[in-house]
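Reading the structure
The lines below spell out each chain.
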Amino acid sequence: MTTVLVSIELTPSGDVRPGLADLVAHARSIGSPVGVVTVAPGDSASVTERLGAFGLAEVLVAESAAVGAADAEPRVRALVAAAAARNPTAVLIANTVRGRDVAARVAVRLDAGLLLDIVGLHAEGKRVVGEHSVFGGAYLTASTAGDRMTVATVREGSTGEQPSPVTASASALEIDDTTVPTAVITEATEHARRSERPELRTAERVVSGGRAVGSAEGFELVERLADALGAAVGASRAAVDAGYISQDHQVGQTGVSVSPELYIALGISGAIQHRAGMQTAKTIVAVNKDETAPIFEIADFGVVGDIFTVVPALIAEVEARR
Amino acid sequence: MKIITLVKQVPDTWSERRLDPETGRVDRAVSEAVIDEISERAIEAALALKDADKSTTVTLLTMGPAGALDALRKGLSMGADDAVHIRDDALQGADVTITSRVIAAALLRRPWDLVIAGNESTDGRGGVLPAMLAERLGVASATGLDSFELTGGAAGGDLVGRRSADGVDEVLRLGFPSVVSITERMPDARFPNFRGILGAKKKPVEVLTAADLGLTDLHPAVSVVSVAERPPRQAGTRIIDDGSAAAALADFFASRRLI
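Residue positions are given per chain, counted from 1 along the sequence in the order it is written. As they are written, the chains are lettered A onward and the ligands numbered 1 onward, keeping that order. Only residues with pLDDT of 70 or above have their local features reported here, since the model is predicted, and side-chain atom pairs are shown and tallied only from 80 upward, although totals for entire chains, interfaces and linings are computed over all residues. Water and hydrogen atoms play no part in the side-chain values, which are based on all heavy atoms of the structure.

Looking at an unreviewed UniProt entry, one finds chain B named Electron transfer flavoprotein subunit beta and attributed to Ruicaihuangia caeni. In UniProt, chain B has this text filed under Subunit (unreviewed entry): "Heterodimer of an alpha and a beta subunit." For the record of chain B, the UniProt heading Cofactor (unreviewed entry) holds the text "FAD". UniProt positions are given in the numbering used here, feature names are shortened, and annotations may be inferred rather than shown by experiment.

As named in an unreviewed UniProt entry, chain A is Electron transfer flavoprotein subunit alpha/FixB family protein, taken from Ruicaihuangia caeni. Chain A has a UniProt comment under Sequence similarities (unreviewed entry) that states "Belongs to the ETF alpha-subunit/FixB family."

1. Examining the interface of chain B and chain A
Counting residues at the interface gives 78 residues for chain B and 88 residues for chain A. By buried area we mean how much accessible surface two parts lose on assembly, using a 1.4 Å probe and totalling the loss over both. When chain B packs against chain A, the two sides together hide about 7400 Å² of surface, and 53% of this comes from carbon and sulfur. Of all residues in chain B, D166, R230 and R233 of chain B give up the largest surface area on contact with chain A, accounting jointly for 11% of the area buried on that side. By definition, a salt bridge exists where a carboxyl oxygen of Asp or Glu is found within 4 Å of a side-chain nitrogen of Lys or Arg. Two residues, R163 of chain B and D71 of chain A, come together in a salt bridge whose shortest N-O distance is 2.9 Å. Throughout this description, a polar contact denotes any pair of N or O atoms lying within 3.5 Å of each other; where both atoms belong to protein, one of them has to be capable of donating a hydrogen while the other can accept it, and for residues adjacent in sequence the pair is counted only when both atoms sit in side chains. At the junction of chain B with chain A, the criterion picks out 56 residue pairs in polar contact (both at pLDDT 80 or more). Contact criterion: two residues are considered in contact whenever any of their non-hydrogen atoms come within 4.5 Å of each other.

2. Re helix α5 (residues 219-229) of chain A
Each residue is placed in one exposure class: buried if its accessible area under a 1.4 Å probe, protein chains only, is under 20% of its type's maximum, exposed if it is over 50%, and partly exposed if it falls in between. Each helix is a run of DSSP H or I of at least 4 residues and each strand a run of E of at least 2, with the numbering of both proceeding from the N terminus. Judged by how many residues are buried, α5 of chain A sits mostly within the fold: 8 of 11 residues are covered. For α5 of chain A, the set of buried residues is F219, L221, V222, E223, L225, A226, A228 and L229 of chain A. Residues of α5 of chain A that are buried in the fold lie against β11 (205-209), β12 (232-235), α6 (237-241), β13 (262-266) and α8 (307-320) of chain A together with α6 (245-255) of chain B. Within two residues after α5 of chain A, G230 of chain A carries a phi angle of roughly 65 degrees, on the positive side.

3. Brief notes about the side chain of S44 of chain A
Residue and element names in this part refer to chain A. Mapped onto the elements of the fold, S44 is located in helix α2 (residues 44-51). A distance of 2.6 Å separates a polar atom in the side chain of S44 from a polar atom in the side chain of E63. Not counting chain neighbours up to four residues away, the residues in contact with S44 comprise V39, V61 and E63.

Dropping the structure here:
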């Protein structure tokens, strides 16, 4: 079985990003996953324990005083050292802003082929082939780095698989502390989010609001429906630009691409840039006052109506049928 | 301070965009080519520094076909000083490995303090080029910045940027030379004025080929294996709310086992 390195992205407070489940699932489709994580000195044991929950039986842990202070570089060095030690066929990294920085530098340092934003991975003979969803899912393409080592960024939420927990065992990974120019993180704050609400990228259900929501207060309606359905909260760029909700909820061309079981668009017209971020959802529902809104062209179920009438009634129906 | 801003011409996101079914490359013939909105914001960020310190120079750099000159002219008309156009048929369909090698080679030809790029183009959406360039050039990078400022002037000063991504707000500090990428949270681009548009035609644009950059062994690291177009989604049921829409929606959810 060939080795696939899986890079673990931790939040400043040490939480594992839920998208790790997707990385592990993709790694399994071509080999056996080995986690690589960098932590502050002394934190090895606590992180290893939590990684077993993601189905990682083996983890290489590098301790570095630079973790949390130097941007990207500790993770880059750990992956380069792990690649030298284990000769993997592929290195998988989450397609997050930080993950892409790590992938970019690792690919150059290892002279590897870089596959971006993969939603699938398979082996064809000795080649590793990545699958990509392009232009909002209008195309599915496949690409390969051929004989080279593959470094791939993985779209979080692309498998929807739940990992089977195992007991993780850790081995220490030595990384050197040579100084190369790097950005220094002087402050890091995690966004406060309601713990019971799923994370947007990996959510199975998403309820999004658009310009027609009208105000930040109005967005509470979107959130209430989301909570009634156990969904994450999304938004169109128009709603974000209007200041109704923070930018990390933005779905679309320049925001997050989601592919949930259910996507509900409330007061979103469905401009081509928004559709690019959600049109691969399995089921799409739209509520909009404007019957000519393009969102209806791709909705499995569309309601022409006022979100302020339909949504409260829908919440009541959903709660009554529970 | 010498700034180089990376510019990309892309298919308009307001039009239908297609891939060439044979090569998997973006079909540039079917949609109107425009300067990427994020490139315009990157130019704006550079020009804002030039507004604050007149000794700052802003050079635009693009790699693209002959038509990409339009994108450079747009940026020059906004107020950039000059431009570099890497134009070579051999670079058609270049992957990020080739693109980063070529642009890094072009950046090594002239002195600069800061490279500003967009965080990701609207066609490729890879978002890796700025960090790949920084890695090839051996300099620091900070990507996905929503805002940044210079502290203490160019000599010995730092760049301090803020980013908010994937649920974390960060403040990043880095020295020069360095590479940064910016997001659409940065200010909108200024409109070129009439004088700017006239002046842009006289501003120098250096045209370079891969051979001019000493690069002759350009092989893509990644090749496209297959391209499949997904059938477009079909519209399903649509009802007009007469007071019963909520119940109908709940029935629909139930029929798909969503509640």
